[in-house]
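Tertiary structure, described
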Amino acid sequence: MSGNSTAHSPRSLDEAYEILSHTAAKVIAGGTDLMVLMNARQLDAEEFLDIWRIDELRGIADEGDALRIGALATYTDLIRSPIIQKYAPALVAASRMVGAVQIQNRGTLGGNIVNASPAGDSLPVLAAYDAELEIGSRRGLRRLDFNQFYTGYRRTALEADELVVSVRVPKLKADERDFFCKVGTRRAQAISKTVMAVKAKTENEILEWIRVGVGSVAPTVVRAYKTESLLAGRAITADLVEQARQSISLEVSPITDLRSTEHYRRRVTGNVLARFLREVIDSDGAGI
Amino acid sequence: MSDEKKPDKQGLSRRGFLKASGISLSVPLVLNYRMVKAAGAEVKVLGPGKAPIQLTINSKPFTAEVEPRVTLLEALRNDLDLTGAKRVCDRATCGACTVIMDGKPVYSCSVLAIEAQGKKITTVEGLMQGERLHPVQQAFVDNDAQQCGYCTPGFVVACKAFLDKNPNPTPEEVKRGLGGNLCRCGTYVGVRAAVLQASRGRKGGQRG
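Residues numbered from 1 in each chain as written. Chains lettered and ligands numbered in written order. Predicted model: local features only at pLDDT ≥ 70, side-chain atom pairs only at ≥ 80, totals over all residues. Heavy atoms only, no water.

Notes on the overall build of chain A
- When helices and strands are tallied, chain A shows 11 helices and 14 strands.
- Relative to the 2.2 N^0.38 estimate, which gives 19 Å for 288 residues, the radius of gyration of chain A is 19 Å and therefore close to what a compact globule would have.
- When the backbone C-alpha atoms are referred to their principal axes, chain A occupies close to 65 × 45 × 30 Å.
- Across the 288 residues in chain A, those meeting the buried criterion constitute 58%.
- Just so you have it, chain A exposes about 11600 Å², and 48% of that area is on carbon and sulfur atoms.
- Seen as two clouds, the 37 positive and the 37 negative side-chain charges of chain A have centres 5 Å apart. (Helix = DSSP H or I, 4+ residues; strand = E, 2+ residues; numbered from the N terminus. Rg over C-alpha atoms; globule rule 2.2 N^0.38 Å. Buried < 20%, exposed > 50% of the residue type's maximum accessible area, 1.4 Å probe, protein only. Areas by Shrake-Rupley, 256 points an atom, 1.4 Å probe, with all protein chains shown as cover. Lys, Arg positive; Asp, Glu negative; His and termini not counted. Charge placed at Lys NZ, Arg CZ, Asp CG, Glu CD.)

This is how it looks when you write it as structure tokens:
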């Protein structure tokens, strides 16, 4: 272990921005991703900015048509929040599937976003919900659509002096529904083979619109825009379910790696979307 | 904003000077801990080199000097002689290093020691009640819930934290709640039985 590490532990955002403006400090929150890399000697950071004690980054608030979630909200915070349960249930479902309870107690939503893994469990939900990020630095605050945040594999639009401050998640309305499904080897601790979240407006068996976020099937979490267009405004029939299954299988661009194969990922991603569509039919009482 | 800039710059240049010259300016008697001005406030900088930390473990105060990048697990085992928490995977997967921090189970391999300051930490060493085993420990003994024993301290701590939150769990909840601990000997059946025994014990009025 190197003997020259340095850590900053600011209490306020302004202090943190200041430190980021003149150092290359590695930002650490719950540490559930970063410490793994450090312990495995895959990351040799010498200077840290520990943001865990910045209270401005905490809190989950109801802002009328959207929820504002502080970047330091842990998965446990999300699971227990009555307003997340009510207005973004897929985010609760995703949080329950993250690691295990020890990870849920430390891992944060902001950390999942900035870590930029294509397999981040919460990310498809943020994609499907059209979430918006509030990003801060000494230069001020800016807002960015979550779906524009990733610029490539493990690459984001975040500048070196910036922090993700909060996430704005539009509330699920009474006539909308959401869905989350993670496919992994084991329920706890598994990194997904494919992970999907959906937000849609349905009336009887008609899909007015649908937004599909998928992870682990491309260099970043992605939206399945082509498949969304295929489905928009259509009545869900057995034939349409098959078309959607085909469409999304071809739209994603997975690779074969140690967790799964390209073939499996395409096929199962199609199956997961088909499962959602059948749930809509079942719950809306329309027969195929 | 603009009137804050001056003190900022002072803090910056002072820090830049320290970095460039390699001098570590310390408050007397305090090793490698200095204050740097940022956004008009004094921000504590730990390191480079060892920094003093204070931890509250099993209701007792501990002090140590550690590198800022040292994990809580390393501090417990290497600096504080608390070797109950085990280092196995060292990457937040196996659960052998589980400790309770402010009431919640966490992987001590993934928490910086400096970050654990000011928090109440419980390790397996803190579970004994005088000479008596904690009900979870007793239940592990009664149900043969260990074989080689290496995962056991983390498992026991995770079970205690789980039962604190879920005093009357179903077997399904036990499976789900303890998914963050692995046993390569495969003693899960015994562990599940132990948790259910310990939860029944609680119904009888025992407190953990």
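Digging into the packing of aromatic side chains
- Taken as a whole and judged by the stated rule, the model has 4 aromatic pairs over all chains.
- Summarising the aromatic geometry, the rings of F146 of chain A and Y150 of chain A are spaced 5.6 Å apart at their centres and angled 90° between planes, so their arrangement reads as edge-to-face.
- Owing to a relative accessible area of 1%, F146 of chain A belongs among the buried residues under this scheme.
- Seen in terms of ring centroids, F155 of chain B and Y188 of chain B are 6.3 Å apart; in terms of plane orientation they differ by 70°. Their pairing is edge-to-face. With F155 of chain B in helix α4 (residues 152-165) and Y188 of chain B in helix α6 (residues 188-203), this pair connects stretches of sequence that are 33 residues apart.
- One aromatic cluster is present, formed by F146, F149 and Y150 of chain A through successive ring pairs. (Phe/Tyr/Trp six-rings, centres within 6.5 Å; stacked < 30°, edge-to-face > 60°.)

Focus: the sheet that holds strand β12 (residues 194-203) of chain A
Residue and element names in this part refer to chain A.
- The strand order across the open sheet formed by 4 strands is β11-β12-β13-β14, and the pairing between neighbours is antiparallel. At either margin of the open sheet sits one strand with a lone partner, and together these are β11 (176-183) and β14 (222-223).
- One ladder, built from 9 bridges, connects β12 with strand β13 (residues 206-215); its direction is antiparallel. Following the sheet pairing, M196 is matched in β13 by V214. (Pairing = 2+ DSSP bridges.)

Focus: the interface of chain A and chain B
- With 48 residues of chain A in contact, the opposing surface of chain B contributes 50 residues.
- Interface area, chain A with chain B, both sides summed: about 4000 Å², of which 52% is carbon and sulfur.
- The tally of links from chain A across to chain B stands at 1 salt bridge.
- Ionic pairing is found between E115 of chain B and R53 of chain A, a salt bridge with its closest N-O pair at 4.0 Å.
- Of all the secondary structure elements, the ones that give two or more residues to the side of chain A that touches chain B are β1 (6-8), α1 (13-22), α2 (34-39), β3 (47-50), α3 (75-80) and α6 (101-104) of chain A.
- If one sorts the elements of the side of chain A that touches chain B by residue count, α1 of chain A sits on top with 5 residues. (Contact = heavy atoms within 4.5 Å. Buried area = accessible area lost by both parts, 1.4 Å probe. Salt bridge = Lys/Arg side-chain N within 4 Å of Asp/Glu carboxyl O.)

Some remarks on the domain arrangement of chain B
Residues and elements named next belong to chain B.
- Partitioning chain B into structural domains gives domain 1 (51-126) and domain 2 (135-203).
- Each of domain 1 and domain 2 has a C-alpha centre, and these two points are 21 Å apart.
- The partner domain 2 presents 14 residues to the 17 residues of domain 1 that form the contact.
- Of the roughly 1100 Å² buried at the junction of domain 1 and domain 2 (both faces included), carbon and sulfur atoms supply 66%. (Domains from an automatic or database assignment.)

So, the domain arrangement of chain A
- We note that the domain assignment places domain 1 (6-50), domain 2 (56-170) and domain 3 (176-283) within chain A.
- Using only C-alpha atoms to locate each centre, domain 1 of chain A and domain 3 of chain A end up separated by 35 Å.

Comments concerning the side chain of S122 of chain A
Residues and elements named next belong to chain A.
- Mapped onto the elements of the fold, S122 is located in the loop between α7 (109-115) and α8 (123-128).
- When its relative accessible area of 1% is taken as the criterion, S122 is described as buried.
- Among the polar contacts made by the side chain of S122, one reaches the side chain of N112 at a distance of 2.6 Å.
- Not counting residues within four places of it along the chain, the set of residues in contact with S122 comprises L91, A94, L109 and N112. (Polar contact = N/O pair within 3.5 Å; in protein donor to acceptor, adjacent residues only side chain to side chain.)

Regarding the pattern of salt bridges
Residues and elements named next belong to chain A.
- Taken as a whole, this structure holds 25 salt bridges over all chains when the rule is applied.
- The partner of E132 in a salt bridge is R143, with the nearest N and O atoms 2.8 Å apart. Of this pair, E132 sits in strand β6 (residues 132-137) while R143 is found in strand β7 (residues 140-145), placing the two residues 11 residues apart along the sequence.
- By relative accessible area, which is 22% here, E132 ends up partly exposed.
- R139 serves as the salt-bridge partner of E162, at 3.9 Å between the closest nitrogen and oxygen. Of this pair, E162 sits in the loop between β9 (155-156) and β10 (163-170) while R139 sits in the loop between β6 and β7, and the two are 23 residues apart along the sequence.
- The class of E162 is buried, set by a relative accessible area of 6%.
- For R139, a relative accessible area of 58% translates into the label exposed.
- Overlapping salt bridges bring together D130, R211, R223 and E228 as one network.

Quick word on the sheet that holds strand β7 (residues 120-122) of chain B
Residues and elements named next belong to chain B.
- A sheet is described by the order of its strands in space; here 5 strands give the open sequence β4-β3-β7-β5-β6, paired in mixed fashion. The open sheet terminates on both sides in strands that have one partner only, identified here as β4 (60-66) and β6 (104-107). Strand after strand, the sheet turns through a mean of 40° between neighbouring axes, direction not considered.
- Pairing of strand β3 (residues 51-57) with β4 involves 7 bridges; the strand directions are antiparallel. Considered in β4, the bridge of I57 is made with K60. (Axes fitted to C-alpha atoms, helices over the stretch in contact; angles between N-to-C directions.)

Section: the pairing of β3 of chain B
All names here are of chain B.
- On β3, burial follows the alternation: A51, I53, L55 and I57 on one face are buried, whereas P52, Q54 and T56 on the facing-out side are not.
- Hairpin connection of β3 to β4: 2 residues between the antiparallel strands, including N58 at a positive phi of 50°.
- Two strands pair when backbone bridges link them, and β3 and β7 are joined in this way by 2 bridges, in the parallel orientation. Bridge assignment links I57 to a residue of β7, and that residue is I121.

Topic: the pairing of β3 of chain A
All names here are of chain A.
- Going residue by residue along β3, you find E47 and L49 tucked away on one face and F48 and D50 tucked away on the opposite face as well.
- Strand direction decides the pairing type here: strand β2 (residues 26-28) and β3, joined by 3 bridges, are parallel. Looking across to β3, one finds that K26 is bridged to F48.

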